[in-house]
There are 2 protein chains.
Amino acid sequence: MKPELELVTTGAELLNGHVVNRHAHWLGGQLDVLGWRLVRDTTVADDPAHLREALRGALARVEVVVVTGGLGPTSDDITRNIAAEWFGAGLVMHEPSRQAIVRIYQKRNKPLNAMVERHALVVDGAIVLENRQGLAPGEHLQKDVKTLFLLPGPPREFQGVMRDHVLPWLREQGVGASAQHHVFQTCGWGESDLCARLDAEGYGNLRVETAYCAQPSRVTVRLRECTGQAPDFNDAVSMVRRICSEAVYAETEETIEEAVVREFKSRGLTLAVAESCTGGLVGQRVTQVPGASAIFRGGVIAYHNDLKADVLGVDREVLAAYGAVSAPVAQAMAEGARRITGADIGVSITGVAGPDGGTAEKPVGLVYCAAADRQGTEVREFRWGGDREVVREASATMALDLARRLAGRA
Amino acid sequence: MKPELELVTTGAELLNGHVVNRHAHWLGGQLDVLGWRLVRDTTVADDPAHLREALRGALARVEVVVVTGGLGPTSDDITRNIAAEWFGAGLVMHEPSRQAIVRIYQKRNKPLNAMVERHALVVDGAIVLENRQGLAPGEHLQKDVKTLFLLPGPPREFQGVMRDHVLPWLREQGVGASAQHHVFQTCGWGESDLCARLDAEGYGNLRVETAYCAQPSRVTVRLRECTGQAPDFNDAVSMVRRICSEAVYAETEETIEEAVVREFKSRGLTLAVAESCTGGLVGQRVTQVPGASAIFRGGVIAYHNDLKADVLGVDREVLAAYGAVSAPVAQAMAEGARRITGADIGVSITGVAGPDGGTAEKPVGLVYCAAADRQGTEVREFRWGGDREVVREASATMALDLARRLAGRA
């Protein structure tokens, strides 16, 4: 048996814009830890022909298939019928599941009807998997070398039956390879930068799975050992660490704001912000981290120039001479944030986020970030491509990175 | 041609627990409006055999297929190769796309390398679809009756190319059923509140498709005409409008922050914020809206009490007597924001976002929002369930709603 699994998800609401399908995301993470792989996720509407075709296709490709959704009592709940067809059996009432439903309704003082009892219908010959979170049990169907699991669709029920029954079964098969993993969080380099620098050192010759996940000004690099290639995996980890050290801020599942909170906390430092075009985004990201209050003082959203001058104390002559989007103003904002809040480090952002407001001299995407501590102030200029959201996210990330670097020298 | 479409998504990160796949959700909603249906979403890893099989399967079942992801420059970006195989052509460098990349790199003062230029490789014979949000263009391949679109994977780029090119093409085919739609944006009522109040008036008897999409303190209600049931659809729209008028802030695809910017702009008003537990989230949301500078002055992130007192001018005795999370402090913060920024309306938020910091008297989820204008200040108390993110999002939404209501009376 190969440790590969396909997921088939059924539900019209997942395909018409009403609900985000998170099953693949959750299951993929669980399988990864077990050394199993989710190789395909197929989502189809509650239509017998579509579901039948998707199920047969999956069972032709892999040995283990999980179907989720369509186990309710209404006419669009067709999963058990399609599974019974494949299994070559009929449906039967599963008495222990029906009794459980009766008890739940008695407890809630609600009248039971035949429709509700249909939740307890299962394929004749299935191993029934108790659902402690809901009414419809899961089912385990074994036919020759093929294994089919039917699971309820609501995420809590899906995850409950998975945890109680399916994940233990997968673990028992003893086929999951325990591949090594490693993650690098980087910021400041683009995905192509990273690849080009690694390739220039012969990274491409190493047998290792590498995945890049890019967000504005941030790239996560994930390495996974290929079967039997532990030395290459170790070489790859060393090579990324050496070549990308300038850009790497963590080797864990950590966001840049989490890294900032952790670093500042460990050094007993405090942070303040002065934000123009990001409008509060840096503060919002820092305060997403539970416990941020230990390091974050707050700051000023100086969107209008009056606030830059009146609240942060930026010299009006400097504003007039250089304009709000300039290195001297970024510097004065960071220093002002530090001064009025009493924080150890102040960071600032001023820029043209777009889509309007750009000029030939100061185009959309031009941003200055600064970070000030008692030793002085560092200013950086950026020229981002992308839309307003990208410019803002990338700028906030680089401001946080600047704060982190300054904390390191403090 | 049937108005049916399949989506094939590629990316290892979508199947190993790292990223939630939101493409089907977004696309499904867009197609629904056009009268097209997303009949299947297949997600596979970046593996040639899997992608080839998924693509061929989709093209065998429907006439229009969209593939997203795998158009980057690295070795795991294989979509254009697999598509070229099916199309029976090779890859060529698309000179206008390459030139666009060169211009972007020149603007950013970054050196260009051959790896980056690979973004501009397209299938020979493809209609190239400009990507205004990123480097890799989309492609439109037509072979007999089959239409294949290749789209970049990052959501912003996927949505941009879809909006610019693919959705207009689908509309032009003239095959989508034209069911009537209507949308209501509400805040302040829960999903069950909404349903219960509508059901109490007999809403359940109307033949109309109704979908509720809930976010913290915000519910979008979408109505769709059932075939041949136009009178019921019209009755349903009237009923929701009448019964939910207190909660409805827009009957368009508008966020609450967009509604605030629009309302303030039309009345010539300005806004300022004073944020404690939300740490800049209200400012960040308002400044997401292009053109926010016409109405937004800025404000203070008063995370630490010193900033509430020293910058916003909240009386230290009031802070000591009532605590930072209290109605009098929320009121003083909103008034302080207005005073120091010169804005017409100041809004404030102070609360316990959790997970720590709650007490018996002031539990996690307790939040005060206030809005001040020249006539006075309104304060509201909330007790939210949910985690830190829910508490913060819900609070920011209600603060924005309070600002919008005050603007209406100004």
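Basis of the calculations
- Residues numbered from 1 in each chain as written.
- Chains lettered and ligands numbered in written order.
- Predicted model: local features only at pLDDT ≥ 70, side-chain atom pairs only at ≥ 80, totals over all residues.
- Heavy atoms only, no water.
- Helix = DSSP H or I, 4+ residues; strand = E, 2+ residues; numbered from the N terminus.
- Rg over C-alpha atoms; globule rule 2.2 N^0.38 Å.
- Buried < 20%, exposed > 50% of the residue type's maximum accessible area, 1.4 Å probe, protein only.
- Contact = heavy atoms within 4.5 Å.
- Pairing = 2+ DSSP bridges.
- Axes fitted to C-alpha atoms, helices over the stretch in contact; angles between N-to-C directions.
- Core = buried A, V, L, I, M, F, W, Y, C linked by side-chain atoms within 4.5 Å.
- Parallel < 35°, antiparallel > 145°, perpendicular 65-115°, else oblique.
- Left-handed = near helix turned anticlockwise from the far one by under 90°.
- Nonpolar A, V, L, I, M, F, W, Y, C, P; charged D, E, K, R; others polar.
- Polar contact = N/O pair within 3.5 Å; in protein donor to acceptor, adjacent residues only side chain to side chain.
- Phe/Tyr/Trp six-rings, centres within 6.5 Å; stacked < 30°, edge-to-face > 60°.
- Lys NZ or Arg CZ within 6 Å of the ring centre and 35° of its normal.
- Buried area = accessible area lost by both parts, 1.4 Å probe.
- Salt bridge = Lys/Arg side-chain N within 4 Å of Asp/Glu carboxyl O.

Caption draft 1: Seen up close, the overall build of chain A. Tallying secondary structure elements over chain A gives 14 helices and 17 strands in all. Here the C-alpha radius of gyration of chain A, 28 Å, is well above what a compact globule of 410 residues would show, namely 22 Å. Dimensions of chain A, computed from C-alpha atoms along their principal axes, come out at roughly 85 × 55 × 45 Å. Expressed as a percentage of its 410 residues, the buried residues of chain A come to 57%. Once local pairs closer than 6 in sequence are excluded, the contacts in chain A between residues at least 24 apart make up 67%.

Caption draft 2: Structural view of the sheet that holds strand E12 (residues 248–250) of chain B. Residue and element names in this part refer to chain B. Judged by pairing direction, the sheet is antiparallel, and its 4 strands sit side by side in the order E10-E11-E9-E12 without closing on themselves. Two strands lie at the open edges of the sheet, namely strand E10 (208–215) and E12, each paired on one side alone. Strand-to-strand twist of the sheet, defined as the mean angle between neighbouring strand axes without regard to direction, takes the value 30°. With 8 bridges connecting them, E10 and strand E11 (residues 218–225) associate as antiparallel partners. Of the residues in E11, the one forming a bridge with Val208 is Glu225. Here helix H14 (residues 388–409) sits on the sheet and contacts strand E9 (181–187), E11 and E12; the angle it forms with E9, its principal contact strand, is near 100°.

Caption draft 3: Layout of the nonpolar core. Residues Phe264, Leu271, Val286 and Ile345 of chain A together with Phe264, Leu271 and Val286 of chain B are the most contacted members of the largest nonpolar core, which totals 80 residues. Setting aside residues up to four positions removed in sequence, Val286 of chain A forms contacts with Glu257, Val261, Leu271, Ala292, Ile295, Phe296 and Leu400 of chain A. Counting 30 residues, the second-largest nonpolar core is a separate cluster that includes Leu312, Val314 and Val329 of chain A together with Val300 of chain B.

Caption draft 4: Spotlight on the packing of helix H2 (residues 48–61) of chain A against helix H3 (residues 79–87) of chain A. All names here are of chain A. H3 packs onto H2 with a crossing angle of 50° between their chain directions and a minimal axis gap of 10 Å. Overall, the two elements H2 and H3 adopt an arrangement that is oblique. As for how H2 packs across H3, the hand of that crossing is right-handed. Across from Pro48, Leu51, Arg52, Leu55, Arg56 and Leu59 in H2, the residues of H3 making contact are Thr79, Ile82, Ala83, Glu85 and Trp86. Residue classes in the contact of H2 with H3 are distributed as 7 nonpolar, 1 polar and 3 charged.

Caption draft 5: Fine view of the environment of Gly174 of chain A. Residues and elements named next belong to chain A. By the secondary structure assignment, Gly174 is in the loop between helix H6 (155–172) and strand E9 (181–187). Assessed through its relative accessible area of 63%, Gly174 is described here as exposed. Once the C-alpha coordinates of Gly174 and Glu317 are considered, the two residues, 143 residues apart in sequence, prove to be 72 Å apart.

Caption draft 6: Quick look at the environment of Arg132 of chain A. Residues and elements named next belong to chain A. Position of Arg132 among the secondary structure elements: in the loop between strand E6 (127–129) and strand E7 (138–143). Judged by its relative accessible area of 57%, Arg132 is exposed. Separated by 28 residues in sequence, Arg132 and Gly160 place their C-alpha atoms 7.1 Å apart. At a separation of 2.9 Å, a polar atom in the side chain of Arg132 contacts the side chain of Asp164.

Caption draft 7: View of the packing of aromatic side chains. According to the stated counting rule, one finds 10 aromatic pairs over all chains in the structure shown. Ring centres 5.3 Å apart and planes at 75° place the aromatic pair Phe149 of chain B and Trp169 of chain B in the edge-to-face group. Taken together, the residues span a long stretch of sequence, with Phe149 of chain B in strand E8 (residues 146–151) and Trp169 of chain B in helix H6 (residues 155–172) at a distance of 20 residues. Comparing Phe149 of chain B with Trp169 of chain B, the two get one shared label, buried. An angle of 10° between the planes, with centres 4.9 Å apart, marks the rings of Phe382 of chain B and Trp384 of chain B as stacked. Residue Phe382 of chain B shares its accessibility class with Trp384 of chain B, and that shared class is buried. Here Arg197 of chain A stacks its cationic end above the ring of Trp189 of chain A, 3.7 Å away from the centre of that ring.

Caption draft 8: Broad picture of unusual backbone geometry. Residue Gly354 of chain A is joined to Pro355 of chain A through a cis peptide bond whose omega torsion reads 0°. Mapped onto the elements of the fold, Pro355 of chain A is located in the loop between strand E15 (345–351) and strand E16 (366–373). For Ser217 of chain B, which is not glycine, the phi dihedral falls at a positive 65°.

Caption draft 9: Representation of the interface of chain B and chain A. At the interface, 73 residues of chain B touch 74 residues of chain A. Interface area for chain B against chain A, summed over the two sides, is near 6,000 Å², with a carbon-plus-sulfur share of 54%. Between the two partners, chain B and chain A, sit 8 salt bridges. For Arg61 of chain B, the salt bridge identified is with Glu53 of chain A, shortest N-O distance 3.1 Å. If you look at where chain B meets chain A, you find 26 residue pairs in polar contact (both at pLDDT 80 or more).

Caption draft 10: The packing of helix H1 (residues 23–34) of chain A against H6 of chain A, seen in detail. Residues and elements named next belong to chain A. Where H1 meets H6, the axes come as close as 12 Å, and the angle between the chain directions of the two elements is 25°. By the angle between their directions, the pair H1 and H6 is classed as roughly parallel. You can see that H1 and H6 cross each other, and the crossing is right-handed. Here His23, Trp26, Leu27, Gln30, Leu31 and Leu34 of H1 lie close against H6, whose contacting residues are Pro155, Phe158, Gln159, Met162, Arg163, Leu167, Leu170 and Arg171. Among the residues making up the contact of H1 with H6, the classes are represented as 9 nonpolar, 3 polar and 2 charged.

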